[in-house]
Amino acid sequence: MLESDLPVTRSPGGDGAPSALEVADLAKRYGSTVALDGVTFDVPVGAVHALLGENGAGKSTLVRILSGLTQPDSGSIRLFGTAVRVAGPRAAHAMGIRTAFQEISLVRDLTVAQNFLLMEEPLNRIGLTSRRRCEERARADLARLGLADVDPRTVVADLDLPSRQKIEIARSISHRPRLLLLDEPTAALTGDDVEWLAGLMSREKAAETTIVFISHRMQEVRAYCGSMTVLRNGASVGSYAMGEVADGEIIEMMIGRSLHAVFPQKLPDAGNAGAAAALAARDLRVGDAVREVSLDLWPGQVLGVGGLQGMGQRELFLALFGALEADSGTIAIDGVTVDLQSPADAVAAGISIGLVPEDRQSEGLFLAFDGRDNLSLPAIGRYVRMGLIDRTAEMQAVLAALAQVQVPARAFGQAAAQFSGGNQQKMVVARWLLAESRILLLYDPTRGVDIGTKAEIYRLINAFAAGGGSVLFYSSEIAELVNLCNEVMVMYRGRVSAMLAGDEVGETGIMHAALGHTAAADGTGTGP
């Protein structure tokens, strides 16, 4: 079915608004797992409609169905008044549906231009793909969408995560869709990038593009969306105009209970809690990204790392994990200098460092492997008896770790790819709990997860530190640093611009230092 075959009809809601998308009683099962259970809602033409729910509520399954990647078991979809079956991605594209996925769908080994026109490449006179025309079209689209500084010849793997996310979004918009699906589009974006996206959404709305917007950031939902549908356990809880319900009511609908406190009580200050810091760095330098950074992380401490995206945080974490080689400086564990030449050195007994990386799908998990293999891999040696793996001992340890992070036990034997982003993130954390890590390097661990899962991850962080573990915690959300950390190290252009402690740890103080001011303004604050 072609775009031109899709007429405009009136919404059944009776308000006279033309209906762009109507979903009725949509259901989808994966074996015994119910992913969608009779989901029903509709979106008027030109609306920005939020789709809210916890990880695992069915949002991603719904997006995959609308994108043609998955077929429903039952139910119906009407697009601009016409009943449709979205048989595959090409069919979705022909209907004017485009999607920007949270877990980025770009082919990492292709260029930006090749990704932009994948399956739609312009051909030359002999029927072969014209690289020149491909790059010219991509360059024009990038300029039109505010990304003129991106070279279309750049290989996607060479871009950082925020840049890849922007390319994912720009690619979906470049084809001038009638229905645009944005799945957690801001999860990996910086503040300026979010403003860039807001401008694009405003332009698309003015052009009467209908947008389904999935986000766990309520301030963005309220800023961009006029209406919303809430899902829980695969079913529709209800659809509302944005002004009809308060944030607390939305959270209660999403998780099925009242969430009185998102953040646990902050742990007491653990600075200088031991004879030596669990992890110390002195004058660490990694290329131009990290410049003479020094820090002390004590047992029982959650030390925050703040700063705008790209200020050296990622390189610092990778160097402390042995994944990047430091050019100079020293790293010490319990007062003893160590030489971390690889992650294997960091994971080794006596050092016991675990890393939750920036990108859980490409760096944190083997998506085709099941939970058993993903969790036990760093500690597999402890289950080897006379050259053979003791599968019973391994199973007991993995199931205990999954229970500790509240991931369903079926993850033991199912591929990690089959689980929601929140459960995948908790599986990465569970891996290091099973490995009995003493030091956790957590790089933006709540990125792209729902409010309920965030609360669970906060609880895990506090419990780990309360048990004597040490946590180096970077977050792109300042409220998390304020509410979990007694001390925050703020980075600016690869250096420590401020070390804030006690009452200095506030949103104003952190932001002041993140902008490069060396004398942070007094600013206490609390999270949402």
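The residue numbers shown here count from 1 along each chain, following its written sequence. This being a predicted model, a pLDDT of at least 70 is required before a residue's local features are given, and a value of 80 or more before pairs of side-chain atoms are given or counted; all residues contribute to the totals for chains, interfaces and linings. Note that the side-chain values use all heavy atoms of the structure and ignore hydrogens as well as water.

Draft legend 1. Structural view of the pairing of strand 17 (residues 353–356). When accessible area is computed with a 1.4 Å probe and restricted to protein chains, residues below 20% of their type maximum are described as buried, those above 50% as exposed, and intermediate ones as partly exposed. We count a stretch as a helix when DSSP gives it H or I for four or more residues in a row; a strand needs E for two or more, and each element gets its number in order from the N terminus. Going residue by residue along strand 17, you find Ile353 and Leu355 tucked away on one face and Gly354 and Val356 tucked away on the opposite face as well. When DSSP finds two or more bridges between a pair of strands, those strands are recorded as paired. Where strand 17 and strand 20 (residues 439–443) come together, four bridges link them in parallel fashion. Its bridge partner lying in strand 20, Val356 is registered against Leu442.

Draft legend 2. Highlighting unusual backbone geometry. Phi is positive for Asp334, which is not a glycine, with a value near 55 degrees. Inspection of the secondary structure puts Asp334 in the loop between strand 15 (328–333) and strand 16 (336–338). Classification of Asp334 by relative accessible area gives partly exposed; the value is 39%.

Draft legend 3. Local environment of the nonpolar core. Counting residues in each nonpolar core, the largest one holds 127 residues, and the members touching the most others are Leu320 and Leu441. With near-sequence residues (within four places) excluded, Leu320 lies in contact with Leu279, Ala281, Leu284, Leu295, Ile331, Leu340, Ile353, Leu441 and Leu472. In these notes, a set of buried Ala, Val, Leu, Ile, Met, Phe, Trp, Tyr and Cys residues joined through side-chain atoms within 4.5 Å is what counts as a nonpolar core. Formed by 29 residues, the second largest nonpolar core is a distinct cluster that contains Val23, Leu26, Ile65 and Ile214. It only takes one pair of heavy atoms within 4.5 Å for two residues to be counted as in contact.

Draft legend 4. Structural detail: the packing of helix 14 (residues 421–434) against helix 15 (residues 451–466). Inter-axis angles, ranging from 0 to 180 degrees, are taken between N-to-C directions of lines fitted to C-alpha atoms, where helices are fitted over the stretch in contact. It is at 10 Å that the axes of helix 14 and helix 15 come closest, and there the two elements cross at 10 degrees. Put simply, helix 14 runs roughly parallel to helix 15. Contacts between helix 14 and helix 15 involve Gly422, Gln425, Lys426, Val429 and Leu433 on the former and, on the latter, Thr453, Glu456, Ile457, Leu460 and Phe464. Put simply, Ala, Val, Leu, Ile, Met, Phe, Trp, Tyr, Cys and Pro go in the nonpolar bin, Asp, Glu, Lys and Arg in the charged bin, and everything else, Gly too, in the polar bin. In terms of residue class, the contact of helix 14 with helix 15 is made up of five nonpolar, three polar and two charged. Oblique is the label for any angle not covered by the other classes, which are roughly parallel (under 35 degrees), roughly antiparallel (over 145) and roughly perpendicular (65 to 115).

Draft legend 5. Region of interest: the sheet that holds strand 10 (residues 227–232). An order of 7-8-9-4-10-11 is seen for the six strands of this open sheet, with the pairing classed as mixed. Taken across any chain shown, the strands that pair with only one partner, and hence form the sheet edges, are strand 7 (97–100) and strand 11 (235–241). The mean angle between the axes of side-by-side strands here comes to 20 degrees, regardless of whether they run parallel or antiparallel. As judged from the six bridges shared by strand 10 and strand 11, these two strands associate in the antiparallel manner. Paired with Ser227 across the bridge in strand 11 is Ala241. Across the sheet, helix 5 (residues 161–174) is in contact with strand 7 and strand 8 (179–183); its angle to strand 7 comes to roughly 175 degrees.

Draft legend 6. Quick peek at the pattern of salt bridges. Definition used for salt bridges: Asp or Glu carboxyl oxygen within 4 Å of a side-chain nitrogen of Lys or Arg. For the structure on display, the rule yields 21 salt bridges. With a closest N to O distance of 3.8 Å, Asp73 and Lys28 form a salt bridge. Taken as a pair, Asp73 in the loop between helix 1 (59–66) and strand 5 (74–79) and Lys28 in strand 2 (residues 18–30) lie far apart in primary sequence, 45 residues in all. With a closest N to O distance of 3.6 Å, Arg372 and Asp373 form a salt bridge. Through salt bridges with shared partners, a single network forms among Arg285, Asp288, Glu292 and Arg495.

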